[in-house]
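Coordinates in review
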Amino acid sequence: MQDNDTPVADLGEEAARAELARLAEAITRANRAYHAEDAPEISDAEYDRLKARNAAIEAAFPHLRRADSPSGQVGAAPSEGFAKVTHAVRMLSLSNAFSDEDVTDFVAGIRKYLGLPAEAPIAFTAEPKIDGLSLSLRYERGRLINAATRGDGEVGENVTANALTLGDIPERLEGAPRVLEVRGEVYMSHSDFADLNARQEAAGQKTFANPRNAAAGSLRQLDPAVTRTRPLRFFAYSWGEISEPLADTQSDAIARLADLGFQTNPLTRRCARAVDMLDHYRAIEAQRATLGYDIDGVVYKVDDLGLQARLGFRSTTPRWAIAHKFPAELAWTRLEAIDIQVGRTGALSPVARLTPVTVGGVVVSNATLHNEDYIAGRDARGEPIRGGRDIRVGDWVQVYRAGDVIPKIADVDLARRPADAAPYDFPQTCPECGSAAVREEGDAVRRCTGGLICPAQAVEKLKHFVSRAAFDIEGLGAKQVEMFYRDDLLPVREPADIFTLQRRDATNLAKLANRDGWGQTSAKNLFAAIDDRRTIALNRVIFGLGIRHVGEVAASDLARHFGTWARFADTVDAAAREPAAQAQDAKARKAALADSPAWAEIVSIDGIGDSVAAALTSAFAQPRERASIDRLIAELDVQEVTARAAADSPVAGKTVVFTGTLEKMTRAEAKARAEALGAKVAGSVSAKTDLLVAGPGAGSKAKKAAELGVETIDEDGWLRLIGDA
Ligand code: IVH
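These notes cover the structure that comes with them. Everything numeric in this text was worked out from a predicted model, so none of it was measured. (Residues numbered from 1 in each chain as written. Predicted model: local features only at pLDDT ≥ 70, side-chain atom pairs only at ≥ 80, totals over all residues. Heavy atoms only, no water.)

Applying the stated criterion across every chain yields a total of 46 salt bridges. Among the salt bridges present, the one from Asp606 reaches Lys671, with a minimum N-O distance of 2.8 Å. Here Asp606 is found in the loop between helix 22 (597-604) and helix 23 (610-621), whereas its partner Lys671 is found in helix 25 (residues 667-676), with 65 residues between them in sequence. Residue Asp606 is classed as partly exposed on the basis of its relative accessible area of 24%. Residue Lys671 is classed as partly exposed on the basis of its relative accessible area, which comes to 28%. (Salt bridge = Lys/Arg side-chain N within 4 Å of Asp/Glu carboxyl O. Helix = DSSP H or I, 4+ residues; strand = E, 2+ residues; numbered from the N terminus. Buried < 20%, exposed > 50% of the residue type's maximum accessible area, 1.4 Å probe, protein only.)

Okay, here's the thing in structure tokens:
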């Protein structure tokens, strides 16, 4: 909206009333575009200006404050209005292949995992990867029970009423299994997209940047009547929970979905060999421009569903499928500035500020520059990249987007380099706190040494703490955390402060409620959401601490191993005092291992190595950081984590070691299977080992197990034990 320059003091009552109405509408629209449609229409600065102007007018004319005043809202949460649906079977994503070689590696990896010889044939299906949004349709006794978006993979939004407006989604099925979750992609065709934007424009309403955004925005309408007017389509390509198998192969299962009345992609093929997969990829790529809808690659899936079941899943992706992406789109633009962002672990990350340019339907104005070597034209080993050309402010650079990741810079055009462009001087001190920024031997990244005194590190740590996989506090996202961090009345400088917010003094609710952007209700809701998270699982706490190298998977591994916070913290504290924690290099560490039982326990956990142990112990050894962690734990009721699921399996909770040659399965498969049954798989035998599975050729581990009296069985014994024989 047009800025009104009239000073508030000079506004008449009528003008003030009219402007408040315009502001309410503009702010609501901006909130919705930002939070619900993932398509911001105005800059943050403009948004702040609208809010400030609104607050100033309300302060001068309190009686004109509207019932729907935007100062009472904390930005529309994305899901407000939609009920939540917990998926019976998680909705996963796909790992990516960017080259033919990645595809052959994928096939080879599958053979290796299954222990099949190199020449053994494995058939795959190949089909377009539709660029839309995924949807899970749950049918029970042939009736559509609910339709849910993917959400975070575990919990999505219930959009049943909207889904039923799609012609491609049947409400009833004939001859379907009793329970059937059909999964697929909602998308909009190019011509429907063009028509929709023309209609929106004629009606003075917002237009969409690309068909994907249009499809997402249309499906996630609160009013199904609006969705009904949007021409959405649906391709079925997969399934979630089913009460009985659809078929023995992926291709037959898809054919079955087609028989049940779903649209399936006509370019789906069964490929007997890897060359056929790549041929079909090229055939699809050649048709890409004329298909009439957006696709961004080709998905390959193992055809035999028995093999799919054996291959199973990693934490977020299936082992039996991969998305072969089309080459990234490229565009040239000017590099206007290089900014340095300081991350949670102090890493100084250079960011390119670009003259905005459209790359594959999306406007790009930032790109990552990775690190100082990358800017200088070298890789981590000092070898030249881009032919050794450095990147300078003022340069013309070629940007590309591969998938949803942050845009990157592929090249610079030296012919267009301004005469006065100077090589970039990477800062040696932290731009946020002034502390020295140092680069350790072998590390590509320069890091701020300020720790928690660095405001950027502290804020990023807080943002990480409230993120989805960590504490996930409703109403307290990255933006709010930043605001609280800078607040003088009610500061939040470390995670524990979030939990003491409410009781710091009796007037806090009023203080928060009076703040711009907040009201009584949102303040109360926030305090309730915070209280909700006082009881929390150990893995989320460990992940939430934001310690370097400790991602979601490592945090879960640690939590499953230690079970309780006390066991975890005591072991890390003990390890921090042991010689291994003081060792300067890998060799010294190895030598110190025998005298470092706590350290040895940490690194015995499968998937946890020296870098995680070092990061944990160094965080716990810093008095400031340790005290801040203790303050947090004092506020929480940390829930014990027990070995995952399958508590009825005889191996649940047991620590198992595999050694020697396995003949019926590969080591990787054995490990994944054991973990799925709730066992911990360790790499070495110790007093904590419950069971050794020894194949032919077992050596020192079997000997050690015998010494320690650890039960030892062979592969067949193992298969009988877990019921797979
Ligand atoms: S299969 C367990 N097939 O891509 C894997 N996904 O990057 C189930 N997608 O979330 C997915 N076309 O939204 C599959 N033909 C296709 C697809 C497809 C598009 C989307 C889907 C998924 C995302 C993963």
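This part is about the layout of surface pockets. If you add up the space inside the second largest pocket, you get close to 1,000 Å³. Lining the second largest pocket we find 34 residues, and of these Glu440, Arg447, Arg548, Ser618 and Gln622 sit closest to its centre. Elements represented by at least two residues in the lining of the second largest pocket include exactly strand 17 (437-439), strand 18 (446-448), helix 12 (455-466), helix 20 (579-582), helix 23 and helix 24 (623-635). No other element matches the six residues that helix 23 contributes to the lining of the second largest pocket. In terms of residue class, the lining of the second largest pocket is made up of ten nonpolar, eleven polar and 13 charged. (1 Å grid on protein atoms, 1.4 Å probe; cavity = no way out; pocket = protein on both sides within 12 Å on 5 of 7 lines; lining within 4 Å. Points joined across faces, edges and corners; volume = space filled by probe spheres on them. Nonpolar A, V, L, I, M, F, W, Y, C, P; charged D, E, K, R; others polar.)

What follows deals with empty space enclosed by the protein. Rolled over the atoms, a probe sized like a water molecule indicates the empty space that remains. Considering all chains together, one arrives at three cavities of 30 Å³ or more under this definition. Within this model, the largest cavity holds a volume of roughly 140 Å³. The wall of the largest cavity is formed by 13 residues, among which Lys461, Pro495, Leu545, Glu625 and Ser628 lie closest to the centre. Looking at the lining of the largest cavity, the elements that each hand over two or more residues are helix 12 and helix 24. When grouped by side-chain class, the residues that make up the lining of the largest cavity number seven nonpolar, two polar and four charged.

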